[in-house]
Amino acid sequence: MPTLVYSINNEKNPKTVYINLTNACSNACVFCLREQKDDVCGANMWHDENYTLEDIIEQFKNYNPTPQNVVFCGYGEPFLKKDMMKAFAEYLRKNYPEIKIRVNTNGHANAIYKTNVAEEFKNLLDEVSVSLNSDNAEQYNEICQPKIENAYEAVKDFLKSCKQAGIKTYASIVTGFDEREINVENCEKIANELGAEFRNREFISNGY
Ligand code: SF4
């Protein structure tokens, strides 16, 4: 069975657990951890997506006491498994209403599904962190190597949709990966104009 639920440092009683739904992604970012290692804290992150909702629930229940936060994250883009993500988030809302649910996403969901996915998840997500990664489309394409058209615009639209849906919204960038210059100030300005808060994450080689 693949690693569907994991914790940083393999903690047995973590406050936060992470959900690894897929290895697929509509980006191929230059700093993606998937290009560098197979595991997070010893948990192998590769899988063939051969699992059910019950498998996620079973792995989740191995964490006792119940974690305070659940983050859809992992080695791929969580929204590419939108139905599974929704099913598990609904399960959490019903059975553990006190748990805060977050997602780390590349922000392509609305463009891929051609619908307002943020609105669909408005009652299922407390927080969304969207990878903005640059203040311009040209550099975004160079860093993220997106497989969809007009990806940078799609990311900005998604940030706006999340905010409008009433989800706490962050736009993030990664600095310190290589010599690349990222205009942090402009990125923050764009994030704020879209109604999002801003996070600058220093690149960490092992990812945590
Ligand atoms: S969006 Fe995330 S999972 Fe996808 S390639 Fe970039 S860093 Fe990797």
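The following paragraphs examine the structure supplied in this document. Every residue gets a number counted from 1 within its own chain, in the order that chain's sequence is written. Given that this is a predicted model, residues contribute local features only at a pLDDT of at least 70 and side-chain atom pairs are listed and counted only at 80 or more, while totals for whole chains, interfaces and linings are drawn from all residues.

Quick look at the nonpolar core now. Across soluble globular proteins, nonpolar side chains show a tendency to be buried alongside one another. If you look at the biggest cluster of nonpolar residues, it comprises 50 residues, and the most contacted ones within it are I19, V130, V155, F158, L159 and A171. Tallying contributions element by element places helix α6 (residues 151-164) first for this core, with seven residues. Note that contacts rest on C-beta atoms placed from the backbone: two residues are in contact if these are within 7 Å. Contact partners of L159, with chain neighbours within four places excluded, come to G107, V130, T169, A171, L194 and A196. We define a nonpolar core as a collection of buried residues of the types Ala, Val, Leu, Ile, Met, Phe, Trp, Tyr and Cys that are connected via C-beta atoms lying within 7 Å of each other. Each residue is classified by how many other C-beta atoms fall within 10 Å of its C-beta atom, where C-beta atoms are placed from the backbone; a count of 20 or more means buried, 12 or fewer means exposed, and values in between mean partly exposed. Each helix corresponds to a stretch of at least 4 residues labelled H or I by DSSP, and each strand to a stretch of at least 2 residues labelled E; elements are numbered beginning at the N terminus.

The next point concerns the packing of helix α1 (residues 53-61) against helix α2 (residues 82-95). Here α1 crosses α2 at 45°, and the two axes come no closer than 10 Å. Relative to α2, the element α1 is oriented oblique. Handedness of the α1/α2 crossing: right-handed. Facing L53, I56 and I57 of α1, the residues of α2 in contact are M84, A87, F88 and Y91. Here the contact of α1 with α2 is composed, by residue class, of seven nonpolar, no polar and no charged. For helices, the fitted axis covers only the stretch in contact; all axes are lines through C-alpha atoms, and the angles between them, taken along N-to-C directions, range from 0 to 180 degrees. By definition in this entry, angles of less than 35 degrees are roughly parallel, angles greater than 145 are roughly antiparallel, angles of 65 to 115 are roughly perpendicular, and the rest are oblique. Helix crossings fall into two classes, left-handed where the near helix is turned counterclockwise from the far one by less than a right angle and right-handed where it is turned clockwise. The nonpolar class holds Ala, Val, Leu, Ile, Met, Phe, Trp, Tyr, Cys and Pro. Asp, Glu, Lys and Arg form the charged class, and all remaining residues, Gly among them, are polar.

In short, DSSP must find at least two bridges between two strands for them to pair. One open sheet accounts for seven strands, arranged β1-β2-β5-β6-β7-β8-β9; its pairing is mixed. In this open sheet, the two strands that pair with only one neighbour each are β1 (5-6) and β9 (197-202). By the bridge criterion, two bridges tie β1 to strand β2 (residues 16-19) in an arrangement that is antiparallel. By the bridge assignment, Y6 is partnered in β2 with Y18. Where helix α7 (residues 184-193) meets the sheet, its contacts fall on β8 (168-175) and β9, and the angle it forms with β9 comes to roughly 145°.

Taken together, the neighbourhood of the ligand is formed by C25, N27, A28, C29, C32, R34, G76, E77, N106 and S131. Split into classes, the residues belonging to the shell around the ligand amount to four nonpolar, four polar and two charged. Each residue receives a C-beta atom built from its backbone; the residue is near a molecule or strand if that atom lies within 6 Å of it.

Time to look at α2. An expected span of 1.5 Å times one less than the residue number is assigned to each helix. In this model α2 runs 20 Å from its N-terminal to its C-terminal C-alpha over 14 residues, within 8% of the 20 Å that 1.5 Å per residue would give. Among the residues making up α2, those that are buried are M84, M85, F88, A89 and L92. Projection of α2 onto a plane perpendicular to its axis shows the buried side chains occupying an angular sector of 130°, all on one side. The exposed residues of α2 that point more than 90 degrees off its buried face are D83 and K94. Contacts from the buried residues of α2 go to β2, α1, β5 (69-72) and β6 (100-105). Throughout, the arc means that of the directions going from the helix axis to the C-beta atoms.

So, about the environment of K81. Among the secondary structure elements, K81 is positioned in the loop between β5 and α2. Accessibility expressed as a C-beta count within 10 Å gives 21 for K81, which makes it buried. Separated by 60 residues in the primary sequence, K81 and L21 place their C-alpha atoms 6.6 Å from one another. In this view, K81 contacts L21 and T22; residues no more than four positions away in its chain are not counted.

Let us now look at the environment of C29. Within the fold, C29 resides in the loop between β2 and β3 (39-40). Given 19 C-beta atoms within 10 Å, C29 falls into the partly exposed group. Here C29 is in contact with I143, C144 and Q145, once residues within four sequence places are set aside.

The residue after N64, namely P65, is reached through a cis peptide bond having omega 5°. For P65, the position within the fold is in the loop between α1 and β5. Phi is positive for K114, which is not a glycine, with a value near 55°. Here K114 lies in the loop between α3 (109-113) and α4 (117-120). Positioned with a positive phi, N133 is a non-glycine residue whose angle comes to about 70°. According to the C-beta neighbour criterion, N133 is buried, with 25 such atoms within 10 Å.

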